[in-house]
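Structure assessment
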Amino acid sequence: MKSFQYCIWALPEKGHEWYNYPNGYYPHITIKSKLSLDEAFLYFEKNHFEETDIIVEDFNKSLSGGFSALYANVKCVYEKPVWWPDNAHVSFCYKYTEPFTKEHLEYYTKNMPKKKVKIKEFLLVRCDGHFMNWKNQILSRQYDRHSIF
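The following paragraphs examine the structure supplied in this document. Here the structure is a predicted model, which means the values were calculated and not measured.

What counts, and at which threshold
Residues numbered from 1 in each chain as written. Predicted model: local features only at pLDDT ≥ 70, side-chain atom pairs only at ≥ 80, totals over all residues. Heavy atoms only, no water. Helix = DSSP H or I, 4+ residues; strand = E, 2+ residues; numbered from the N terminus. Buried < 20%, exposed > 50% of the residue type's maximum accessible area, 1.4 Å probe, protein only. Contact = heavy atoms within 4.5 Å. Polar contact = N/O pair within 3.5 Å; in protein donor to acceptor, adjacent residues only side chain to side chain. Salt bridge = Lys/Arg side-chain N within 4 Å of Asp/Glu carboxyl O. Phe/Tyr/Trp six-rings, centres within 6.5 Å; stacked < 30°, edge-to-face > 60°. Arc of directions from axis to C-beta.

Regarding its fold elements, the protein presents two helices and seven strands. Starting at the N terminus, the α and β elements of the protein follow one another as β-β-α-β-β-β-α-β-β. Out of the 149 residues belonging to the protein, those deemed buried represent 43%. Partitioning the intrachain contacts of the protein with sequence separation of at least 6 by distance along the chain shows that 68% fall at a separation of at least 24.

This is the structure:
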């Protein structure tokens, strides 16, 4: 199992078809990872998160310590928000031990619908144990252009 401790995620708007692609969790951009619970709460409460439009540039894969990820490199359609991480990408699939193949990359590259999406939700998530359990969000903030966080 892989532990990223507590993380801050940015998610596509609810109901978007990207939610059909991950294997057990939410498609997400990791803004911060490997935080203690106190660090994660402080970061989540003190930072301003705003919606942004993103677009997929290309798909890629990685394997590290028996943890395999399939992800899409993304960029902002307009100006980068202050929360935007270095090397931003949307994680779509994870596996343990077995790497993703060239065929997996080709499938996502050819079949991924709507390469543009609006990021609207931000979560504080505990990412310990099996990735199928990483939906155990602690805090959620839906972007509302009429409110100030």
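From this point, the discussion proceeds with the structure in view.
A few words now on the side chain of Asp 53. The topology assignment puts Asp 53 in strand S3 (residues 52-64). Within the local environment of Asp 53, its side chain forms a polar contact with the side chain of Lys 118, the two groups lying 2.8 Å apart.

Time to look at the pattern of salt bridges. Counted under the stated rule, the structure contains six salt bridges. Put simply, Lys 118 and Glu 51 hold a salt bridge, and the shortest N to O gap is 3.4 Å. Residue Lys 118 is located in strand S6 (residues 116-127), and its partner Glu 51 is located in the loop between helix H1 (37-46) and S3; the two are separated by 67 residues in the primary sequence. For Lys 118, a relative accessible area of 22% corresponds to the partly exposed category. Here Asp 53 and Lys 118 are joined by a salt bridge, their closest N and O atoms 2.8 Å apart. On the criterion of sequence distance, the pair formed by Asp 53 in strand S3 and Lys 118 in strand S6 is long-range, its members being 65 residues apart. Here the residues in one salt-bridge network are Glu 51, Asp 53, Lys 118 and Lys 120, joined through shared partners.

The tally for this structure, following the rule as stated, stands at 19 aromatic pairs. Taking 4.9 Å as the distance between ring centres and 25° as the angle between the ring planes, the aromatic pair formed by Phe 49 and Phe 122 counts as stacked. Of this pair, Phe 49 sits in the loop between H1 and S3 while Phe 122 sits in strand S6; the two residues are 73 residues apart in sequence, bridging distant segments of the chain. The exposure class assigned to Phe 49 is buried, which follows from its relative accessible area of 0%. Plain terms: the ring middles of Trp 83 and Phe 122 are 5.3 Å apart, the flat faces sit at 75° to each other, and that makes the pair edge-to-face. With a gap of 39 residues between them, Trp 83 in the loop between strand S4 (67-76) and strand S5 (89-96) and Phe 122 in strand S6 connect regions that are remote in the sequence. Accessibility expressed as a relative area gives 3% for Trp 83, which makes it buried.

Another point: H1. Taken residue by residue, H1 has Ala 40, Tyr 43 and Phe 44 as its buried positions. Across the axial projection of H1, the buried residues extend over an arc of 95°, all falling on one side. Seen from the open side of H1, the exposed residues pointing more than 90 degrees away from its buried face are Asp 38, Glu 45 and Lys 46.

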